[in-house]
Amino acid sequence: MAAVAILGELAGALLLALGNARGGHALLRRPVPPARRRLARNAGFCLLGAALWGLIRAEGDLLFALTAWALSSGSACILAALACTMRDRAPVRPTPRQTVTGPLS
Amino acid sequence: MRPGFRAAMTWLHDWTGILTGWVLLAIVLSGTLSVFRSEINVWMRPELAGRTADPVRATIAAIDWLHDHAPRSPAWYLTAANPRAPFTWAVWQQPDGPFVQHALDPASGAPDTIRDTLGGEFFYRFHFELQIPYPFGRLVAAVAAMALVLALVTGIVAHRRFFADFFTFRPHKGQRSWLDAHNLLGVTVLPFHLVIAFSGAVTLASLLLPWGILSAYRGAPAQFQDALSPAMAARPATGTPGTLAPMEPILHEAARRFGPDGIGQIYVYNPGDAAATLIAIGGNGRHVGFDSHVLRFDGTTGRILADYREHRPMISTFATLYGLHVARFAPPLTRWLYFVCGLLLAAVIASGLRLRTLRRRRQGKSTEAVERLNAGMIAGIPVAFAGYFLANRLLPATLPDRAGHEVQAVFTLWGLMLVLAAALPSATGWRVLSVLAMLALGGVAGFSAPWLNGIDQGAAIVAILLAAGFGYAASRRPAPGGRAR
Amino acid sequence: MSMLVRTATAIIGGYGIAAMAAITLSWCLPWSRAENVTAGLLAGLLLWPAMVMLGFALRASLHVCIAITGIAAVLAALALLGGWRP
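Since the structure is predicted, the reported quantities are computational estimates derived from the model, not experimental observations.

With respect to the overall build of chain C
Check the secondary structure of chain C and you find three helices and zero strands. When the helices and strands of chain C are listed from N to C terminus, the series reads α-α-α. Going through the 86 residues of chain C one by one, you find that 48% of them count as buried. Pairs at least 24 apart in sequence give 71% of the contacts found in chain C among residues at least 6 apart.

Printed below as a string of structure tokens:
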């Protein structure tokens with residue numbers, strides 16, 4: 001149960017990254033329209049919330065679950081950011097549509 | 001938010017960070033290691049590998065040994081054996097004042113079979129006492145904790161743009177990369193950082209702000225401690241000699257009342273006196289708060305004098321904050337997350353120190369001296385701490401005051417690293433110290449051989465990962481606008 | 001120079017307010033003595049960094065002095081009402 005919750009957090013963190021202008025651009029290698037980003041962001045928050053619920057069910061103690069959740073979701077966000085970084089740096093296969101390869105800056 | 005406010009908060013963030021950064025780095029790193037205090041205790045006593053201990057039996061053996069070897073001591077403080085640590089940790093006061101501490105064998109109760117070392121207790125003590133005499137070390141740590149709270153809160157204002165850049169880390173871009181790393185690590189684990197900083201101050205609160213206690217208790221602050229944990233209050237010695245009651249029924253009664261919590265600590269006050277008192281404290285691995293179930297026994301008759309559980313909401317709040325900091329409750333996953341987040345906090349502080357020098361260099365100011373000291377601290381502390389683990393395996397087992405020599409090794413190494421860093425140009429210094437850190441950590445991984453149990457494997461994996469990090473730092477080409485001059 | 005004055009006021013004045021708040025809560029809260037003192041400790045720890053930030057947020061150094069003295073005076077008055085005698 002705890003493992004499922006943490007996988008959920010990882011997925012949630014990736015969705016949050018997709019919902020961020022720069023993060024989404026890095027992951028999908030093209031700009032993501034704002035409406036989709038909002039959708040991804042909300043889904044990400046929902047998944048994080050569901051993970052908290054799952055941890056409360058698994059741990060049986062609210063404080064145990066809250067500490068585990070706060071710590072693991074933070075680490076999940078860092079992993080998501082690292083994923084964005086890797087994706088951002090990886091060589092891009094040249095396709096006709098791909099004109100912007102680097103980050104926005 | 002008006003610009004003046006943000007500028008003021010940025011100024012405050014910078015200066016708090018610079019003035020307390022190095023102290024905080026040492027505190028955070030030793031605190032992070034303290035998360036695995038029990039595991040380090042076992043790693044540093046390979047004699048105990050594979051042994052298990054029954055807490056009641058081991059405590060009886062320890063009390064029997066102390067009864068023969070320290071009968072005139074005013075107090076024995078025992079931490080009972082538990083599944084994480086198969087030995088009794090005993091601290092006792094000698095009649096003339098100084099404290100002695102030893103790990104006692106779970107079967108014989110004697111310290112002789114186990115090498116003399118402080119183990120993880122060194123990191124735990126250093127974390128809030130900094131090897132400075134009482135109360136100054138604790139005051140420095142308390143002020144540093146408050147400064148960390150301040151730096152974190154002002155940091156939210158100073159780096160308020162982080163949400164726009166949240167999910168990107170742009171490497172190889174000099175100052176930009178350091179800022180990204182600082183923000184990313186700082187923000188994602190911010191709740192942990194805030195809680196750990198504030199609760200750290202809470203653990204030292206009565207020392208930092210004694211005024212409420214002094215005024216409400218009219219200069220008798222000991223009464224406050226008694227009121228906080230009513231069952232722990234000891235009786236004064238009568239001066240008439242007495243004999244301790246048989247321990248077995250007392251400890252079995254304590255174990256029965258504590259149930260699944262198990263026995264945490266046993267304190268015996270005035271063991272040779274007619275008014276001997278035995279305090280049994282329940283383990284607190286099953287709830288977050290630091291408030292345990294406490295029993296007080298009459299030491300000579302074995303009668304129960306008090307059975308206390310905390311129910312006052314305000315004291316429970318305090319105990320919960322305290323418990324969140326010391327993390328006795330943490331199951332393995334949470335414990336590892338505490339460890340990782342502690343390392344991340346150290347990384348936030350180190351990257352903040354680095355950012356500061358980069359920004360000043362960009363403004364055309366000389367930063368060489370600070371850079372050298374940064375190297376001596378950021379890479380030097382890991383070398384010194386790894387050196388503690390190495391000294392544990394390298395010093396001969398029969399050396400007199402072995403535990404003291406291990407601790408000396410840490411500070412000698414740290415001093416050497418600082419001297420080395422100060423003597424070399426900063427870019428070379430970084431590289432040399434990183435290589436040394438990599439070698440020392442590699443040594444720790446090697447001494448964890450034969451990697452049969454979870455503790456050795458965990459120690460080796462952590463040491464190898466950190467060594468890889470330092471190896472990467474040493475091999476890196478200076479980034480544009482970064483280390484190159 | 002003005003930054004030095006401001007820093008000193010914020011840190012020392014902030015500590016003063018935190019200490020005063022600890023005393024005030026110890027005397028004025030309705031619970032047992034140990035609980036009141038504990039509440040005072042926690043409140044003091046929260047107030048100190050908050051007061052330091054206030055010291056830097058206000059525009060003029062004079063305002064900082066006035067604010068800190070004012071808050072300390074209010075707390076001291078409450079403590080005196082609660083039965084505190086320095």
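Focus on the UniProt feature "transmembrane region" (unreviewed entry) in chain A
In the numbering used here, UniProt assigns the "transmembrane region" (unreviewed entry) feature to residues 39-56 and 62-84 of chain A. Taken end to end, residues 39-56 of chain A has its terminal C-alpha atoms 26 Å apart, with 100% of it in helix and 0% in strand.

Here we look at the arrangement of the chains
The assembly contains two pairs of chains in contact; the pair sharing the most contacts is chains B and C. At the level of C-alpha atoms, the two units chain A and chain C stay apart, their nearest approach being 19 Å.

What about the packing of helix α14 (residues 368-378) of chain B against helix α17 (residues 426-447) of chain B?
Residue and element names in this part refer to chain B. At a closest axis distance of 9 Å, the pairing of α14 and α17 adopts a crossing angle of 0°. By the angle between their directions, the pair α14 and α17 is classed as roughly parallel. Touching Glu368, Glu371, Arg372 and Ala375 of α14 are Ser426, Gly429, Trp430 and Leu433, all from α17. Here the contact of α14 with α17 is composed, by residue class, of three nonpolar, two polar and three charged.

Regarding the interface of chain B and chain A
Taken together, the contacts link 22 residues of chain B with 23 residues of chain A. Counting only elements with at least two residues in the side of chain B that touches chain A, the list comes to α6 (175-188), α7 (190-203) and α13 (332-362) of chain B. Partitioning the side of chain B that touches chain A into residue classes produces 17 nonpolar, three polar and two charged.

Points about the pairing of strand β2 (residues 88-93) of chain B
Residue and element names in this part refer to chain B. Of the strand pairs in this sheet, strand β1 (residues 75-79) and β2 are connected by four bridges, and their pairing is antiparallel. Bridging from a neighbouring strand, Thr79 pairs with Trp89 of β2. The pairing of β2 with strand β3 (residues 99-104) spans six bridges and is classified as antiparallel. In the strand pairing of β3, Trp92 is matched with Val100. A loop of five residues connects β2 with β3, the two strands running antiparallel in sequence, and Gly97 in this loop sits at a positive phi of about 125°.

Comments concerning the packing of helix α5 (residues 136-158) of chain B against helix α2 (residues 33-57) of chain C
Relative to each other, α5 of chain B and α2 of chain C sit at 50°, their axes nearing to 9 Å. The angle between α5 of chain B and α2 of chain C falls in the class oblique. In this structure, the crossing between α5 of chain B and α2 of chain C has a hand that is right-handed. Two secondary-structure elements touch here, α5 of chain B through Met146, Val149, Leu150, Val153 and Thr154 of chain B and α2 of chain C through Trp48, Pro49, Val52 and Met53 of chain C. Class assignment of the residues belonging to the contact of α5 of chain B with α2 of chain C gives a composition of eight nonpolar, one polar and no charged.

A look at the nonpolar core
Grouped together as the largest cluster of nonpolar side chains are 208 residues, with contacts concentrated most on Leu25, Ala201 and Leu441 of chain B. For this core, the leading source of residues is α13 of chain B, giving 14 residues. If we ignore the near neighbours within four places in the chain, the residues touching Ala201 of chain B are Ala142, Ala145, Met146, Val149 and Leu208 of chain B together with Leu45 of chain C.

A short note on the UniProt feature "transmembrane region" (unreviewed entry) in chain C
Residues and elements named next belong to chain C. UniProt tags residues 12-32, 38-57 and 64-84 as "transmembrane region" (unreviewed entry). With 81% helix and 0% strand, residues 12-32 has end C-alpha atoms that lie 30 Å from one another. Helix and strand shares over residues 64-84 are 90% and 0% respectively, and the end C-alpha atoms of the span are 26 Å apart.

A look at the pairing of strand β5 (residues 277-282) of chain B
All names here are of chain B. Burial of β5 is extensive: six of the six residues sit out of reach of the surface. Covered by surrounding structure in β5 are Thr277, Ile279 and Ile281 together with Leu278, Ala280 and Gly282, the residues of both alternating faces. Examined bridge by bridge, strand β4 (residues 263-269) and β5 share six bridges and lie antiparallel to one another. Across the sheet, Gln265 pairs through a bridge with Ile281, a residue of β5. Pairing geometry for β5 and strand β6 (residues 294-298), over five bridges, is antiparallel. By the bridge assignment, Ala280 is partnered in β6 with Leu295.

What about the sheet that holds β3 of chain B?
Residue and element names in this part refer to chain B. Spatially, the seven strands line up as an open sheet ordered β3-β2-β1-β4-β5-β6-β7, and their pairing is antiparallel. This sheet does not close on itself; its edge strands, each paired only once, are β3 and β7 (304-308). Ignoring which end each strand starts from, the neighbouring axes of this sheet average 15° apart. As judged from the five bridges shared by β1 and β4, these two strands associate in the antiparallel manner. When the bridges of β4 are listed, Ala75 appears paired with Tyr269. Helix-sheet contacts for helix α11 (residues 247-258) involve β4, β5, β6 and β7, and the interaxial angle to β4 is about 140°.

A closer look at the environment of His182 of chain B
Residue and element names in this part refer to chain B. Assignment of secondary structure puts His182 in helix α6. Considering only alpha carbons, one finds His182 and Ser351, 169 residues apart in sequence, at a separation of 5.6 Å. Those residues in contact with His182, other than ones at most four positions away along the chain, are Val348, Ser351, Gly352 and Leu355.

Structural notes on α6 of chain B
Taking 1.5 Å per residue as the helical rise, α6 of chain B with its 14 residues ought to reach 20 Å, and the 20 Å between its terminal C-alpha atoms agrees with that figure. Counting buried residues in α6 of chain B gives eleven out of 14 residues, a clear majority hidden from the surface.

Here's the deal with the environment of Ala330 of chain B
All names here are of chain B. By the element assignment, Ala330 lies in the loop between α12 (313-326) and α13. Assessed through the 22 C-beta atoms surrounding it within 10 Å, Ala330 is described here as buried. Put simply, Ala330 and Glu406 are 76 residues apart on the chain and 29 Å apart in space, counted from C-alpha to C-alpha. Not counting residues within four places of it along the chain, the set of residues in contact with Ala330 comprises Arg335 and Tyr338.

Cut-offs used in this document
- Residues numbered from 1 in each chain as written.
- Chains lettered and ligands numbered in written order.
- Predicted model: local features only at pLDDT ≥ 70, side-chain atom pairs only at ≥ 80, totals over all residues.
- Helix = DSSP H or I, 4+ residues; strand = E, 2+ residues; numbered from the N terminus.
- Buried ≥ 20, exposed ≤ 12 C-beta atoms within 10 Å, placed from the backbone.
- Contact = placed C-beta atoms within 7 Å.
- UniProt positions renumbered as here; feature names shortened; annotations may be inferred.
- Axes fitted to C-alpha atoms, helices over the stretch in contact; angles between N-to-C directions.
- Parallel < 35°, antiparallel > 145°, perpendicular 65-115°, else oblique.
- Nonpolar A, V, L, I, M, F, W, Y, C, P; charged D, E, K, R; others polar.
- Pairing = 2+ DSSP bridges.
- Left-handed = near helix turned anticlockwise from the far one by under 90°.
- Core = buried A, V, L, I, M, F, W, Y, C linked by C-beta atoms within 7 Å.
- Expected span 1.5 Å × (residues − 1).

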